[in-house]
Amino acid sequence: MSKAPLREWMASRVGARSIGIATVAALIGLVELAIRAGIVNRFIVPLPSEIIVAIPRIIVEENVLHRFWQTAQELLWASLLLAGAGIPLGALLHRFRIVRLACETWVGALASAPIVLMYPLFLVIFGRSATTIVMIGFAAGLAPVILKTLEGLSGTRQVLLNVGRSFKLTNSQQFWKILLPAALPAVFVGLKLGLIFAMINIVGVEFLINFGGLGQLINELAERYDLPGTYGAICFVILTSIVFFDTTERLERFLRPGE
Amino acid sequence: MVDESVRSPAAATDAASSRGAQLLDVERVSKRFVTSEGVITAVEDVSFSIAPGEFVSIIGPSGCGKSTLFNIVGGLVGDYEGRVTVAGDVVRGTHAAIGMVFQEESTFPWRTVVENVAFPLEVVGMAKDARLERAEHFVAMVGLRGFERRFPTELSGGMRQRVALARTLASEPRILLMDEPFAALDEQTRLLLGDRVLQIQQTLKQTTLLITHNLTEAVQLSDRVLVMTYRPGRLKRLVDIHLPHPRDSEVVSSDAFGRYVAEIWHDLREEASRGIRDDESRVLEGRAKR
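Residues numbered from 1 in each chain as written. Chains lettered and ligands numbered in written order. Predicted model: local features only at pLDDT ≥ 70, side-chain atom pairs only at ≥ 80, totals over all residues. Heavy atoms only, no water.

## Let's talk about the overall build of chain B
Within chain B, the secondary structure is distributed over 9 helices and 11 strands. A principal-axis box enclosing the C-alpha atoms of chain B has dimensions of 60 × 50 × 40 Å. Across the 290 residues of chain B, 55% fall into the buried class. Excluding contacts between residues fewer than 6 apart, the proportion of contacts in chain B whose partners are at least 24 apart in sequence is 72%. For chain B, the accessible area works out to roughly 12800 Å², and carbon and sulfur atoms hold 50% of it. In chain B, the 36 positive side-chain charges and the 41 negative ones have mean positions that sit 3 Å from each other. (Helix = DSSP H or I, 4+ residues; strand = E, 2+ residues; numbered from the N terminus. Buried < 20%, exposed > 50% of the residue type's maximum accessible area, 1.4 Å probe, protein only. Contact = heavy atoms within 4.5 Å. Areas by Shrake-Rupley, 256 points an atom, 1.4 Å probe, with all protein chains shown as cover. Lys, Arg positive; Asp, Glu negative; His and termini not counted. Charge placed at Lys NZ, Arg CZ, Asp CG, Glu CD.)

## Description of the overall build of chain A
A tally of regular secondary structure across chain A gives 11 helices and 0 strands. Tracing chain A from N to C terminus, the helices and strands come up as α-α-α-α-α-α-α-α-α-α-α. Dimensions of chain A, computed from the C-alpha atoms along their principal axes, are close to 70 × 65 × 30 Å. The contacts of chain A with a sequence gap of at least 6 include a subset with a gap of at least 24, amounting to 72%. In chain A, which carries 22 positive and 16 negative side-chain charges, the distance between the mean positions of the two groups comes to 14 Å.

## Some words on the interface of chain A and chain B
With 19 residues of chain A at the contact, the number on the chain B side is 24 residues. Both faces considered, chain A and chain B share a buried interface measuring about 1900 Å² in area, 65% of it formed by carbon and sulfur atoms. Inspection of the region where chain A meets chain B yields 1 salt bridge. A salt bridge links Lys 177 of chain A to Glu 122 of chain B; its shortest N-O distance comes to 2.6 Å. Inspection of the region where chain A meets chain B yields 6 residue pairs in polar contact (both at pLDDT 80 or more). Where the side of chain A that touches chain B is concerned, the elements lending two or more residues are helix H8 (158-166) and helix H9 (171-209) of chain A. If you tally residues by element for the side of chain A that touches chain B, the top one is H8 of chain A, at 6 residues. Across the side of chain A that touches chain B, the residue classes break down as 9 nonpolar, 4 polar and 6 charged. (Buried area = accessible area lost by both parts, 1.4 Å probe. Salt bridge = Lys/Arg side-chain N within 4 Å of Asp/Glu carboxyl O. Polar contact = N/O pair within 3.5 Å; in protein donor to acceptor, adjacent residues only side chain to side chain. Nonpolar A, V, L, I, M, F, W, Y, C, P; charged D, E, K, R; others polar.)

## Points about the packing of aromatic side chains
Tallied over the entire structure, the rule returns 7 aromatic pairs over all chains. Connected via pairs of aromatic rings, a cluster forms that spans Phe 167 of chain A together with Phe 108, Trp 110 and Phe 119 of chain B. The aromatic ring of Phe 96 of chain A is capped on one face by Arg 95 of chain A, whose charged end is 5.2 Å from the ring centroid. If you follow Arg 167 of chain B out to its NZ or CZ, it ends over the ring of Phe 108 of chain B, 4.9 Å from the centre. (Phe/Tyr/Trp six-rings, centres within 6.5 Å; stacked < 30°, edge-to-face > 60°. Lys NZ or Arg CZ within 6 Å of the ring centre and 35° of its normal.)

## Structural notes on helix H3 (residues 66-74) of chain B
For H3 of chain B, the buried fraction is high: 7 of the 9 residues fall into the buried class. Phi turns positive, to about 85°, at Gly 75 of chain B, one or two residues after H3 of chain B.

## Things to note about the pattern of salt bridges
Residues and elements named next belong to chain A. What the rule picks out here adds up to 31 salt bridges over all chains. Between Arg 100 and Glu 104 there is a salt bridge, and its shortest N-O distance comes to 3.3 Å. Placement of both Arg 100 and Glu 104 in helix H5 (residues 97-112) is noted, with a separation of 4 residues, approximately one turn of the helix. Judged by relative accessible area, Arg 100 falls into the partly exposed class, the value being 27%. For Lys 192, the salt bridge identified is with Glu 249, shortest N-O distance 3.7 Å. On the criterion of sequence distance, the pair formed by Lys 192 in helix H9 and Glu 249 in helix H11 (residues 227-255) is long-range, its members being 57 residues apart. Taken together, the shared-partner salt bridges in this structure form one network comprising Glu 62, Arg 67, Glu 220 and Arg 224.

## Overview of the nonpolar core
Membership of the largest hydrophobic core comes to 93 residues, with the highest contact counts inside it found for Leu 24, Phe 48 and Leu 209 of chain B. For this core, the leading source of residues is H9 of chain A, giving 15 residues. With 30 residues, the next largest nonpolar core counts Ala 135, Met 141, Ile 200 and Leu 221 of chain B among its residues. (Core = buried A, V, L, I, M, F, W, Y, C linked by side-chain atoms within 4.5 Å.)

## Concerning the sheet that holds strand E2 (residues 24-35) of chain B
Residue and element names in this part refer to chain B. Taken together, 4 strands build an open sheet; the order of strands is E3-E2-E5-E6 and the sheet is antiparallel. For this open sheet the edge positions go to strand E3 (38-50) and strand E6 (89-90), each flanked by a neighbour on one side alone. Sheet topology note: the E2/E3 ladder contains 9 bridges and is antiparallel. Residue pairing in the sheet places Phe 33 in a bridge with Ile 40 of E3. (Pairing = 2+ DSSP bridges.)

Encoded structure:
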């Protein structure tokens, strides 16, 4: 392949994804070599080949697909709550300056708060159930969604708002037809950050309260010192993240074409 | 020829009034801004009128209040002295009869060309098929047939400004108000887009007020050019442009065109020099304070 077509292929979506997969495969190969060469202790990090072998086993013996679905459902509910509450709250802070001045710093502080440590309080309120896990995920991911929504709405170019004013848009039309579409890229950055925080906390709380999902499985496998199985379960956590990220990106492209 | 067409603002306003019903009247408009450095008078006692179908340009150096005047006439800025009326109706806030084309890139990147142009029709509740058909007509008018389904990111700067122009035209304003819409474009593109604007103006008999700092553009497009002073922005002189219609960019090579440019530049140069001196002294003052 000559240089120009190769460069074109690398710049294409398929090319970029192929390079990404090849890079991950190469890194896994390097880890395998490092462990086999004794550079990395195999009692801390199992061989990637052993993890790959362990995946079919945990699917059959540990019912990992059911647990994956349980964690995914919790994350789905948390992300729906994040979008349903975080975006309107961000819009509220943008609309009312006094609310913004009063709350923005506190919302920022919430982003760095270790919400997961408050799980006993959530257990008292919601009981030892999936609701507790969803609510902790939601609380952990809320701040970035609010802040990035606020940032996106505030960052809308004045000229676009002036176009709306020149066509005599109502406040509602101005919001739905200009402000929100213009803010969508920032809103989706907030949602992705929120998803990351929610995912970490959901798996963490499943682990802590030993209730359903991949977090509980990781806990059980770690206690049995089944390292390949533990890392295999972590791969499913990563898979959950990939599925949600990919869905979010598709949704963004659908809602905000032309980028 | 040029000398006969150059008049003082007061005489020109009287002459305009005597021509009959005016579509746009700007009467003794002044605007002051309170800043940390004190009160700045951006525009002072500006009056002019535009008759239906007329193309008028306002030209002045940077900082003369051209954009402030654009915002006042467009209804984007309130709290000014004086009065702006459209066919006798006082402008308070944005007015349905005035369509605006902005200097900055203002297309919606999430909409295709035709969806951008259909935007004002969507806002007023026109049915989808009807508005897309109407929008396609205006897309063709600005010479973008074949690009209807493209997104603005796929277009050049000049094409995007044509989309913005088509979008404003689609709202069928009685007055088209443009604020240096081609300022960011190179000279050749600007001249050719000027041709397109002239064609549209001549087809639609569109009353147009163009704010510009570009001499060539002002003379190429206008029936009248209003020259503004540097801060505070006042009308210094009005120049009637008696170049033949229909016009195109070939007109820039004519002797008459050159004389108009020279005449306006004579006035403008003095103001632009004042602006540069003012900028320099402000920089020096700032440095001395530090």
